[in-house]
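Spelled out, the chains give:
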Amino acid sequence: MKKLYFKLTLYLGLCAVLMSSMSYAAPLVIKVSGQVTDAADGTEMIGCSISEKGTTNGVLSDASGNFSINVKDQNSVLVFDFIGYARQEVVVGSQTTINIQLVQEANQLDDIVVLGYGTQKKSDVTGSVGTVKSEDFNKGVVSNPGQLLQGKIAGVNVTSVSGEPGAAQDVVIRGVGSLRSGTTPLYVIDGFVLDNSGNGFASNPLNFINPQDIESINVLKDASAAAIYGARAANGVIVITTKKGKEGKSEVNLSVSTATSTLANKIDVFSAADFRKNVVSAGGTLFDAGGNTDWQDELTRTARSTATNLSMSGAASEKFSYFASLGLDNQEGILNNSSLKRYSGRLNLNQTALGGKMKIAYNFIGAQTENSRPDGTNMVTDMLRLNPTIPARTNGMPTLLDDILSPVARQDLYSDDAVNSRIIANISPSLELYKGLTYKLNLGVDFSSTDRAVQTVPYALLEGLDLGSLNSIYSKNSNSLIENTLNYVFAKDRHNMSFLAGHSFQKFFENQTSFQRTGFANNDIEPRYQDQLSTTEQPTIVNTYATKNELQSFFGRVNYGFADKYMVTATFRADGSSKFGANNKYGYFPSFAAGWNITNEDFMSGSTFTNLKLRASWGQTGNQEIPSKITQANFNDSRADNDTYPLDPNANTLDDYPYGTIYTRLANPNIQWEVSTQSNIGLDFGLFSNKLTGTVDYFNKASTNILLEAVPADPIQPTPTFWTNVPNMEIRNSGLELALDFQNGSQSGFYYNVGGNVTFIKNKVVDSPYAVLTTGAAQGAGQTGATINGYINGEAIGSYFMKEFIGIGDDGLNLFKDQNGDGQVIENDRIVVGSALPSMLYAFYTNFGYKNFDLSLNFNGVSGNKIYNHTAMSIFNKGNLASSFNTTDFAVQYPEEGITNSNEVSTRYLEDGSYLRMNNATLAYKLSPQKLGIDKWVNNIRFSVTGQNLFVITKYTGYDPEINSGSSIGGVQTFGIDRFTYPKPRTFLLGLNVTF
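Residues numbered from 1 in each chain as written. Predicted model: local features only at pLDDT ≥ 70, side-chain atom pairs only at ≥ 80, totals over all residues. Heavy atoms only, no water.

1. Describing the overall build of the protein
So, point 1. A tally of regular secondary structure across the protein gives 10 helices and 55 strands.
So, point 2. Taking 996 residues into account, the globule formula puts the C-alpha radius of gyration at 30 Å, and the protein, at 31 Å, falls close to it.
So, point 3. Oriented by its inertia axes, the alpha-carbon framework of the protein measures out at about 105 × 70 × 65 Å.
So, point 4. When burial is assessed residue by residue, the protein has 51% of its 996 residues classed as buried.
So, point 5. Sequence separation of at least 24 residues holds for 70% of the intrachain contacts in the protein that already meet a minimum separation of 6.
So, point 6. Of the roughly 44300 Å² of accessible surface on the protein, a fraction of 54% belongs to carbon and sulfur atoms.
So, point 7. Positive and negative charge centroids in the protein, built from 77 and 92 side chains respectively, lie 8 Å apart. (Helix = DSSP H or I, 4+ residues; strand = E, 2+ residues; numbered from the N terminus. Rg over C-alpha atoms; globule rule 2.2 N^0.38 Å. Buried < 20%, exposed > 50% of the residue type's maximum accessible area, 1.4 Å probe, protein only. Contact = heavy atoms within 4.5 Å. Areas by Shrake-Rupley, 256 points an atom, 1.4 Å probe, with all protein chains shown as cover. Lys, Arg positive; Asp, Glu negative; His and termini not counted. Charge placed at Lys NZ, Arg CZ, Asp CG, Glu CD.)

Structural data, given as structure tokens:
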């Protein structure tokens, strides 16, 4: 494949160089002129693009809408294109005068939006739905759908756990609304509902989806749009639609790309020269090995990534269409031994029969994803703290360090390799039983299998590593779905109605087994390829678990529209889940919405508004993303403490006692569903023939029946914790969303569009009976367990709760503010000092085009949040510097600070998390196949160069302000703590797309 790519690139490059010396296939011999007007009012259209299809030959209409163009022959096709109007194509034939009337695109208003269990015209949608089409996706090296969405839709905040290839992402739609159920929305791919449980893969479980296969992504944000999915829609729903064959258009598309990635931002630790000075100044004993090593350069690399995708699509007739694709993506990370490789295949088929009454849709995805991961936390720690005077290698071998494993050696000793194979297939036959009445069956399966091996090769030079280790993990997941729906569409006079009724049954099974072993021969054979016998000294530890869950649902929806002006939607869903106890097995989730197309009113005639629609909705959704079995009792055998009784009077030790049976979890059949209640009012608008479009939404969301694994207030309890719905506690999110887009063109051939979105959001915990529920705690010697942030009554989720640092005292130790004035600083002097959640999300973009060139720029950012720099707290202190470990100038900020001062959790390490990022920029050029003389075989050639993460404007001193630790405490998700996070890369990508 690399050879094919090289040959194709070389050929096209030579063609481009020789292009200027080539003669055109035929002279321009026919002159065509005419006028372009608006079909609605006859207005002359200035700056309409008229081009000869398949060539770069084109002109623009003048101030009177007139144009004149020379074309090749009578078979030439003229394309008339103007923003906000339906595109027209006309065969020249024998015509020399062509007058065209362009029709305003009922366009964006008639665009089809994919919702739950159906579609609607955009003008008829009453809920809050955000849509991103493939041409607007984020460009560059992209591993999963979340990266395509970042910054694209108001109210949707996408943050990566780290800069690792294929890293997991936190996708938050309209705020965090749960304790134990995370933030992950429900994903639906071509009508198949995915399961959000883990699959044994350390990186993002959505990495199996090839972004090149995705046609559009719709985000169902409010309860009216999402309630049709009931129990799993509390965090919103993301509906992914993949590409299908299009009637009358058969094509083969080949896209290849190569990219390089480097460390985007280095942390300014001391150079070797500065280190020597500062260790002495700090009163430490300098260990000088005489070297000059930049460990950040030494332990990172210029990573190479390649992608090759081939797709075929078309339609044999209106009865049959197809889309097939194969993809190979190979992405390297900037840390050694870090990579993600994906082999993917897709087949989408659509067949019509029985005179159009029967339709069958078949979708298949097959993917194998290989993920290699380094010991990222220790690697990043060493990059920042290792003595820069120590050479990385001595005599070509990793330099030996006292009681520490050299990171250069670790790269060869440690590996974490996982291979995931996944197949998703669903078939959806539908049959029109009666005019307007359609029955549809949806059958789907999702099988996933992962083999993961985490190993350390025996290393005789360091105690504790001489035996080696291996953890073999085998995971299997299955997800089967069967759905039956009836849909009736009725239209008479000015009335339009549709009725949906359905039943769904979904079964999930998850199983994982792990074998942990130590004691391997040091014989140049990796532990995973060796035998190891379990012994008393080196036992094999086996862990296994399995869960099975079922979900049965009944749902219905009614849509009513009158005169294309007034719309009403009512939805109801009942979900029964095996995760809940007998007394609350089912949850019930209603929603209502109304819309008013104001532009269709008579009094709006002649208005500058092309579109003006008012929407309002209310509804409830549920959350079942909780651990399985929590409503059922569980037992264990134990000899500990008072769990056993000496029935044998001759027993002398605890080992002689019989096992006692104890509760580890109490049955609780009364646990209820978490419920999210949301109201929304929105306005969609378009002006000046939809050159300016936008939406405004205000939402209010409250989550109740919050589920929590709580510690009993009474110390005498049969179990140390119990599951409960926290009485009266609420998590509230409210906010305002605004999105705008403006597009225009000029007579010179220059066109552009600019736009963006902003979300103001307020999060608050209400009526919590707990002082603080910890979401983030410190780690490390002398720090473990200290609360950093949590859920606090009256505050936002992830609020930082700590002492306020005010300087260094005369004794060289920390000074903290006495908040209550009692003359001493203790735990009750901790205060809330900000939140990890941003109060404002924003993004903006601009796209320019001139003839065959186009340029797109995308920016995104957040404001109002803070980041706890755990990395700085752990290693950037004066004590470490005095011990000849490297730091930044943060450690010497206070000359009077003593080297024994503690790095206690406080505002000293709390920083502003706001940022503005240039997410990506793409410059592209389209070559003319006709000028290259290959237009008989090639329809389109496009070269592009893309930059990702080009710059970030921020006050944060860590690697990157986009922080999501990806960890949890007691199942409660952590936010805004940066602890040795894998740094983000800066990437440049060269791409070539050829359509045949």
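2. A short note on helix α5 (residues 272–281)
So, point 1. Where α5 is concerned, the buried positions are Ala272, Phe275, Asn278 and Val279. One side of α5 holds all its buried residues, which, seen down the axis, span an arc of 125°. Set apart from the buried face of α5 by more than 90 degrees, the exposed residues are Lys277, Val280 and Ser281.
So, point 2. Where the residues of α5 are buried, they touch α10 (878–882).
So, point 3. Note on α5: the residue one or two positions beyond its end, Gly283, has a positive phi of about 85°. (Arc of directions from axis to C-beta.)

3. Overview of the side chain of Ser472
So, point 1. Checked against the element boundaries, Ser472 lands in strand β26 (residues 469–492).
So, point 2. With a relative accessible area of 5%, Ser472 lands in the buried category.
So, point 3. Side chain to side chain, Ser472 and Arg517 meet in a polar contact 2.9 Å long. (Polar contact = N/O pair within 3.5 Å; in protein donor to acceptor, adjacent residues only side chain to side chain.)

4. Observations regarding the pattern of salt bridges
So, point 1. Applying the stated criterion across every chain yields a total of 35 salt bridges.
So, point 2. Close ionic contact of Arg276 with Asp288 constitutes a salt bridge, the shortest N to O distance being 2.6 Å. Here Asp288 lies in the loop between α5 and α6 (295–298) and Arg276 lies in helix α5, a separation of 12 residues in the sequence.
So, point 3. You can call Arg276 partly exposed: its relative accessible area is 24%.
So, point 4. Several salt bridges share partner residues, and in doing so they unite Glu164, Arg373, Asp416 and Arg452 into one network. (Salt bridge = Lys/Arg side-chain N within 4 Å of Asp/Glu carboxyl O.)

5. Some details on the packing of aromatic side chains
Two aromatic rings, taken as a pair, are described by how far apart their centres are and by the angle between their planes.
So, point 1. Evaluated as defined, the whole model comprises 21 aromatic pairs.
So, point 2. On the numbers, 6.4 Å between centres and 15° between planes, the contact of Phe572 with Tyr588 is stacked. With a gap of 16 residues between them, Phe572 in strand β29 (residues 566–577) and Tyr588 in strand β30 (residues 586–597) connect regions that are remote in the sequence.
So, point 3. Arranged with centres 6.1 Å apart and planes meeting at 25°, the rings of Phe750 and Phe848 form a pair that is stacked. A residue pair is termed long-range when its members are at least 10 positions apart, and Phe750 in strand β39 (residues 750–766) and Phe848 in strand β46 (residues 840–850) qualify at 98 residues.
So, point 4. When the ring centre of Phe208 is taken as origin, the NZ or CZ atom of Arg422, which lies over that ring, is 4.2 Å away. (Phe/Tyr/Trp six-rings, centres within 6.5 Å; stacked < 30°, edge-to-face > 60°. Lys NZ or Arg CZ within 6 Å of the ring centre and 35° of its normal.)

6. So, the sheet that holds strand β7 (residues 100–102)
So, point 1. Strand order in this open sheet of three strands is β4-β1-β7, and the pairing throughout is mixed. Single-partner strands in this sheet number two, and they are β4 (66–71) and β7. This sheet shows a mean twist of 35° between the axes of neighbouring strands, independent of strand direction.
So, point 2. One ladder, built from six bridges, connects strand β1 (residues 30–38) with β4; its direction is antiparallel. The residue bridging Ser33 from the neighbouring strand is Ser68, located in β4. (Pairing = 2+ DSSP bridges. Axes fitted to C-alpha atoms, helices over the stretch in contact; angles between N-to-C directions.)

7. Considering the confidence of the model for the protein
So, point 1. With 94% of its residues at a pLDDT of 70 or more, the protein has an overall mean of 87.
So, point 2. Averaged over each element, pLDDT in the protein is lowest for helix α1 (residues 2–18) (39) and highest for strand β49 (residues 910–912) (97).
So, point 3. Note that residues 1–27 has pLDDT below 50 and, in this model, 20 contacts with residues that lie over four places away or in other chains. (pLDDT = per-residue confidence, 0-100.)

8. Some details on the sheet that holds strand β14 (residues 192–193)
So, point 1. The mixed open sheet is built from five strands, whose spatial order is β10-β15-β16-β13-β14. Each having just a single partner strand, β10 (129–133) and β14 make up the two edges of the open sheet.
So, point 2. Here six bridges tie strand β15 (residues 214–220) to strand β16 (residues 237–242), and the two strands are oriented antiparallel to one another. By the bridge assignment for β16, Leu220 is matched with Val237.

9. Some thoughts on the pairing of strand β35 (residues 692–704)
So, point 1. By the bridge criterion, 13 bridges tie strand β34 (residues 674–687) to β35 in an arrangement that is antiparallel. Paired with Ser676 across the strands is Ser703, a residue of β35.
So, point 2. Hairpin geometry of β34 and β35 is characterised by an intervening segment of four residues between the two adjacent antiparallel strands and by a positive phi of about 55° at Phe688.
So, point 3. Direction of pairing for β35 relative to strand β38 (residues 730–745): antiparallel, over a ladder of 12 bridges.

10. A look at the nonpolar core
So, point 1. The biggest cluster of nonpolar side chains holds 52 residues, and the ones touching the most others in it are Leu384, Ile788, Tyr791, Ile797, Tyr800, Tyr868 and Phe876.
So, point 2. Of all the secondary-structure elements, those providing two or more residues to this core are α7 (376–385), β36 (707–710), β41 (787–791), β42 (799–802) and α9 (870–875).
So, point 3. If we ignore the near neighbours within four places in the chain, the residues touching Ile788 are Gly776, Ala777, Ala778, Ser799, Tyr800, Phe801, Met802, Tyr868, His870, Val905 and Ile977.
So, point 4. In this structure, Val142, Leu149, Ile189 and Ile240 belong to the second largest nonpolar core, which totals 26 residues. (Core = buried A, V, L, I, M, F, W, Y, C linked by side-chain atoms within 4.5 Å.)

11. Quick word on unusual backbone geometry
So, point 1. Unlike most non-glycine residues, Asp564 shows phi in positive territory, near 55°.
So, point 2. Its location among the elements puts Asp564 in the loop between β28 (541–562) and β29.
So, point 3. A positive phi angle, near 65°, is found at Ser884, a position not held by glycine.
So, point 4. Take Ser884: it is sitting in the loop between α10 and β49.

12. With respect to the environment of Gln512
So, point 1. Considering the arrangement of structural elements, one finds Gln512 in strand β27 (residues 495–518).
So, point 2. Put simply, Gln512 and Pro727 are 215 residues apart on the chain and 35 Å apart in space, counted from C-alpha to C-alpha.
So, point 3. Each residue touching Gln512, except ones within four places of it in the same chain, is listed here: Gly200, Ile473, Tyr474, Ser475, Asn543, Thr544 and Tyr545.

13. Examining α7
So, point 1. With respect to burial, α7 is a largely interior element, seven of its 10 residues being buried.
So, point 2. Buried residues belonging to α7 abut α6, α8 (407–413) and α9.

14. Looking at the pairing of β27
So, point 1. Note: β26 against β27, 24 bridges, orientation antiparallel. Paired with Thr485 across the bridge in β27 is Gly502.
So, point 2. Connecting the antiparallel pair β26 and β27 is a turn made up of two residues, with Asp493 showing a positive phi of about 55°.
So, point 3. Summarising the sheet, β27 and β28 pair through 22 bridges and their orientation is antiparallel. Bridged to Ser514 within β28 is Asn543.

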